[in-house]
Amino acid sequence: MRRLGLLLFLGLTLAQSVPAETFGLAFREEGGAWVYEGQGVRLVYVPGVGWAEPPLDLPPPERERVPLDALKALGYFRVPEAGVRAGPQGWGFRIVLDLPGAFPGERSQGWDRARFLLPYLAPGLLALKPPPGLSLRVRLLPEGTELSLEAQGRLYHRLFPLEGPPRLVLDLYALPPEVEEPLAPGMRYREVWAFTPEPLRLYLVEAERGRLLPVGIPGKRALPKDLAPGALAALNGGYFDPKTGTPIGLWVQDGVTVSHPFGRTALLWNGWDFFLGRPRFEAVVAGPKGERVRVGLNALPARYTAHTVPGPVGRAGEEVALVRGERVEGIFPAPFELPGGAWALAFPQGAPPFPLAVGDRLSLYGRLDPPFRYALEAGPLLLQEGRYAFRPEEENFKDPRPLQAVAPQAAVAWTREGRLWLLVSEATTPDRLARALLELGAWNALRMDGGGSAQLWVRGRLKNPYAGTPRPVVSALALYAP
């Protein structure tokens, strides 16, 4: 796991001598004198006598090494001086110049730029100790400080000013190369970089065609690869109650409703046609004598509400009929702690939709409108039709903290051309993942369960290296070759 480092102040003693080439000067011996020449300047020093050109009382050189303050006294540098701080920053290395005034240039970012000329005298850069994989050569020239870079892998940079006080930031990233591996006709595994603006590594399976199935068994947990033996790829699915393994949200498997909606965005599909939306689901409770009444579901309450997710259910002033195996086990005042493996019907106190007693038969039915053969609810929505759409407060995510935490993320997305992505990211936030996917050209995207659950398996091998110990989950999305 990468760690952020402190920015350290770097400096150079004024009397310290530096190789002449660092200042853009060539050194040679001529008639017993030492000559330094370049950048329109000629300096001559006679050992044992002193500086002959110019005839000033300046600190002596050390053969090819010239004191910085000698050049400063001569007015060699035509730019203001800046302090330097530097240190590791995420994937990269950050250099900060503390400026005497506003930065006169423009910001930039991009790949493979190997040279920067910063319009400041920044001798502190000579003390830089870059991380492995990144090498820098620094020259202090009359018109500014030149940095020449070499990197193992690809080099990415960001150069931007900050105000209050004025600073110039240069972020340098020596990034591992991207990866592409064919899996089957129309399918490939990829490791790619997105920038938001810091680099973010994504691990994804891209498919132009295939079969996508929701897999798993409510109440039972396993690694995604074990939920889908024989699948080309498996991505962890939606949310579940950690105590009981009860799925939270809609789950439709081959036209059969495995789990009912919770009120968040779901992935819905028939064949290779995918949609994102909050399901329109008609839920009906059938009574002991065949009575039928429409009900709300979970986070979408109505006068009569069916609850299928373990935890506190019902509101003050309501009663709750606990149902297990289609039989009423008891009627309790709300709120009531719903156990796993059961569901409950909440209704106004003393006013059930029809006469109801312990032992009566009570059944919950539902259907999607329009119907879909497959569905899996998760959320929040990240992108919708090429636009940023991350608004968790609109999807019954009452505690924002888990969605603000920096953690591995998982998502399903597709491009406007119809290429499906099953993906995980290194540790980040859902907000930043949404922006990264937008930058990469995704058209629609939905977050799946994240954190320790986020995992992508390809041919039985875990691909995201930041997953730690893989966590067993209840559901997964399994991709099979056509």
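Before going into details, it helps to say that this report is about the structure given with it. As the structure is a computational prediction, the values presented were derived from the model and not from experiment.

### Describing the overall build of the chain
Here is step 1 of the chain: Within the chain, the secondary structure is distributed over four helices and 44 strands.
Here is step 2 of the chain: Since a compact globule built from 482 residues should have a radius of gyration of about 23 Å, the 32 Å found for the chain marks it as more spread out than a globular shape.
Here is step 3 of the chain: The proportion of buried residues among the 482 residues of the chain is 52%.
Here is step 4 of the chain: When the accessible surface of the chain is summed, it comes to about 21800 Å², and 52% of that surface belongs to carbon and sulfur atoms.

### Some words on the nonpolar core
Here is step 1 of the chain: If you look at the biggest cluster of nonpolar residues, it comprises 71 residues, and the most contacted ones within it are Leu212, Leu267, Leu382, Leu422, Leu437, Met448 and Leu477.
Here is step 2 of the chain: Here this core gets six residues from one element, more than from any other, and that element is strand β18 (residues 199-207).
Here is step 3 of the chain: Within the second largest apolar cluster, 42 residues are counted, among which are Trp34, Val66, Tyr76 and Leu155.

### Topic: the pairing of strand β34 (residues 343-348)
Here is step 1 of the chain: A large share of β34 lies buried, amounting to six of its six residues.
Here is step 2 of the chain: Bridging between strand β29 (residues 305-307) and β34 involves three bridges; their strand directions are antiparallel. The residue of β34 that forms the bridge with Thr305 is Ala346.
Here is step 3 of the chain: Where strand β31 (residues 318-324) and β34 come together, six bridges link them in antiparallel fashion. Its bridge partner lying in β34, Glu319 is registered against Phe347.

### Looking at the environment of Glu21
Here is step 1 of the chain: You can see Glu21 is positioned in the loop between β2 (17-19) and β3 (26-30).
Here is step 2 of the chain: By relative accessible area, which is 52% here, Glu21 ends up exposed.

### Some words on the sheet that holds strand β43 (residues 461-462)
Here is step 1 of the chain: Strand order in the open sheet made by the five strands is β19-β44-β20-β42-β43, with antiparallel pairing throughout. Strand pairing shows two members of the sheet lacking a second neighbour, β19 (211-216) and β43, which therefore form its edges.
Here is step 2 of the chain: As defined by bridge partners, strand β20 (residues 233-236) adjoins strand β42 (residues 456-458) across three bridges and the pair is classed as antiparallel. Looking across to β42, one finds that Leu235 is bridged to Leu456.

### Points about the sheet that holds strand β26 (residues 273-277)
Here is step 1 of the chain: Strand order in this open sheet of five strands is β24-β23-β36-β25-β26, and the pairing throughout is antiparallel. Edge positions in the open sheet fall to β24 (256-259) and β26, since each of these has one partner strand only. Averaged over all adjacent pairs, the angle separating strand axes in this sheet is 25 degrees, with direction ignored.
Here is step 2 of the chain: As paired strands, strand β25 (residues 266-270) and β26 are joined by five bridges and run antiparallel to one another. Among the inter-strand pairings, Trp269 is bridged to a residue of β26, identified as Phe274.

### Some details on the side chain of Ser475
Here is step 1 of the chain: Its location among the elements puts Ser475 in strand β44 (residues 475-480).
Here is step 2 of the chain: A relative accessible area of 4% places Ser475 in the buried class.
Here is step 3 of the chain: A polar contact of 3.1 Å, which involves the side chain of Ser475, links it to the backbone nitrogen of Gly238.
Here is step 4 of the chain: Filtering out sequence-adjacent residues up to four positions away, Ser475 remains in contact with Val215, Leu227, Asn236, Gly237, Gly238, Trp251 and Leu376.

### Some points on the environment of Ala52
Here is step 1 of the chain: Among the structural elements, Ala52 can be located in strand β6 (residues 50-53).
Here is step 2 of the chain: With 375 residues separating them in the primary sequence, Ala52 and Ala427 have C-alpha atoms 61 Å apart.
Here is step 3 of the chain: Excluding residues that lie within four positions of it along the chain, Ala52 makes contacts with Val44, Tyr45 and Val46.

### Topic: helix α4 (residues 430-440)
Side chains of residues three or four places apart in an α-helix project in the same direction, reflecting 3.6 residues per turn.
Here is step 1 of the chain: By the burial criterion, the buried members of α4 are Pro430, Arg432, Leu433, Ala434, Ala436 and Leu437.
Here is step 2 of the chain: Two residues or fewer after α4 comes Gly441, characterised by a positive phi angle close to 100 degrees.

### What to know about the packing of aromatic side chains
Each aromatic ring pair is specified by the distance between its two centres and by the angle formed by the two planes.
Here is step 1 of the chain: Applying the stated criterion across every chain, the model contains 17 aromatic pairs.
Here is step 2 of the chain: Their ring planes at 40 degrees and their centres at 6.2 Å tell us that Trp269 and Phe274 sit as a pair that is tilted. With respect to class, Trp269 is no different from Phe274; both count as buried.
Here is step 3 of the chain: Aromatic side chains Phe332 and Phe336 sit 4.6 Å apart centroid to centroid with 10 degrees between the ring planes, which places their arrangement in the stacked category.
Here is step 4 of the chain: With relative accessibility at 16%, the residue Phe336 sits in the buried group.
Here is step 5 of the chain: Put simply, the rings of Phe27, Trp34, Tyr36, Tyr45 and Trp51 pair up and form one aromatic cluster.
Here is step 6 of the chain: Between Arg264 and the ring centre of Tyr239, over which it is positioned, the NZ or CZ distance is 5.6 Å.
Here is step 7 of the chain: The residue whose ring lies beneath Arg435 is Tyr388, and the NZ or CZ to ring-centre distance is 4.3 Å.

### Re the pairing of β25
Here is step 1 of the chain: Burial within β25 is extensive, with four of its five residues counted as buried.
Here is step 2 of the chain: Judged from the four bridges that link them, β25 and strand β36 (residues 374-377) form a sheet pairing that is antiparallel. Opposite Leu268, over in β36, you have Ala375 as the bridge partner.

### Description of the pattern of salt bridges
Here is step 1 of the chain: On inspection of all chains with the given rule, the structure shows 33 salt bridges.
Here is step 2 of the chain: Linking Arg85 and Asp98 is a salt bridge whose minimum nitrogen-to-oxygen distance equals 2.9 Å. Within this pair, whereas Arg85 is found in strand β8 (residues 83-89), its partner Asp98 is found in strand β9 (residues 92-98), the two being separated by 13 residues in sequence.
Here is step 3 of the chain: Arg85 sits in the buried class, given a relative accessible area of 17%.
Here is step 4 of the chain: The partner of Arg419 in a salt bridge is Glu206, with the nearest N and O atoms 3.5 Å apart. Here Arg419 is found in the loop between β39 (410-415) and β40 (420-425), whereas its partner Glu206 is found in strand β18, with 213 residues between them in sequence.
Here is step 5 of the chain: Relative accessible area serves as the criterion here: at 27%, Arg419 is assigned to the partly exposed category.
Here is step 6 of the chain: The exposure class assigned to Glu206 is buried, which follows from its relative accessible area of 4%.
Here is step 7 of the chain: Taken together, the salt bridges that share partners define one network made up of Glu180, Arg188, Arg190, Glu206, Glu417 and Arg419.

Scoring rules and cut-offs
- Residues numbered from 1 in each chain as written.
- Predicted model: local features only at pLDDT ≥ 70, side-chain atom pairs only at ≥ 80, totals over all residues.
- Heavy atoms only, no water.
- Helix = DSSP H or I, 4+ residues; strand = E, 2+ residues; numbered from the N terminus.
- Rg over C-alpha atoms; globule rule 2.2 N^0.38 Å.
- Buried < 20%, exposed > 50% of the residue type's maximum accessible area, 1.4 Å probe, protein only.
- Areas by Shrake-Rupley, 256 points an atom, 1.4 Å probe, with all protein chains shown as cover.
- Core = buried A, V, L, I, M, F, W, Y, C linked by side-chain atoms within 4.5 Å.
- Pairing = 2+ DSSP bridges.
- Axes fitted to C-alpha atoms, helices over the stretch in contact; angles between N-to-C directions.
- Polar contact = N/O pair within 3.5 Å; in protein donor to acceptor, adjacent residues only side chain to side chain.
- Contact = heavy atoms within 4.5 Å.
- Phe/Tyr/Trp six-rings, centres within 6.5 Å; stacked < 30°, edge-to-face > 60°.
- Lys NZ or Arg CZ within 6 Å of the ring centre and 35° of its normal.
- Salt bridge = Lys/Arg side-chain N within 4 Å of Asp/Glu carboxyl O.

In short, shape yes, function no, at least from these values alone.
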